[in-house]
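# Summary of the model geometry
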Amino acid sequence: MTRYLISFDDGTMNIPEDELPEVGEASIEVVREAQDAGVWVFGGGLESQRASVVGTDGTVTDGPYPETKAVLGGFSIIDVPSREDALKWAAKIAAACRCPQEVREFMADPTV
């Protein structure tokens, strides 16, 4: 099986406040479905866009501060047999979250 990252841009999730509970429930239902199917690895929404960068020498700086508004808002990691399967799960997540999802394949783990 292959692991895939399914993620969305924080700026694409423009949901009216009163609809957030419904979106949350729909998202939880897709996660439960993925767990029941045995493909769920891990995922979640990111609390804020504040980041710290740790350099190779151990120094810590605040940032990066992207010049674009396209920043990661949340992600799911699934383990499925094919890209087609990953795209099907991404479609379910997109419908639940009401925003488009990006799908990327992880490189093979050389230790497995």
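One structure accompanies this document, and this report is about it.

Read from one edge to the other, the open sheet built from four strands follows the order β2-β5-β1-β6, with strand pairing classed as antiparallel. The open sheet terminates on both sides in strands that have one partner only, identified here as β2 (40-45) and β6 (102-105). On average, adjacent strands in this sheet sit at an angle of 20 degrees to one another, irrespective of strand direction. In terms of strand pairing, β2 meets strand β5 (residues 72-80) through five bridges, oriented antiparallel. Counted as the bridge partner of Gly-44 is Phe-75 from β5.

Before going further, it helps to examine the nonpolar core. Soluble globular proteins tend to pack their nonpolar side chains together in the buried interior. In this structure, Tyr-4, Ile-6, Ile-78, Val-80, Ala-86, Trp-89 and Val-103 are the most contacted members of the largest nonpolar core, which totals 16 residues. Counting residues per element, the ones that place at least two in this core are β1 (2-9), α1 (20-37), β5 and α2 (83-97). Tallying contributions element by element places α2 first for this core, with six residues.

Cut-offs applied
- Residues numbered from 1 in each chain as written.
- Predicted model: local features only at pLDDT ≥ 70, side-chain atom pairs only at ≥ 80, totals over all residues.
- Heavy atoms only, no water.
- Pairing = 2+ DSSP bridges.
- Helix = DSSP H or I, 4+ residues; strand = E, 2+ residues; numbered from the N terminus.
- Axes fitted to C-alpha atoms, helices over the stretch in contact; angles between N-to-C directions.
- Core = buried A, V, L, I, M, F, W, Y, C linked by side-chain atoms within 4.5 Å.
- Buried < 20%, exposed > 50% of the residue type's maximum accessible area, 1.4 Å probe, protein only.

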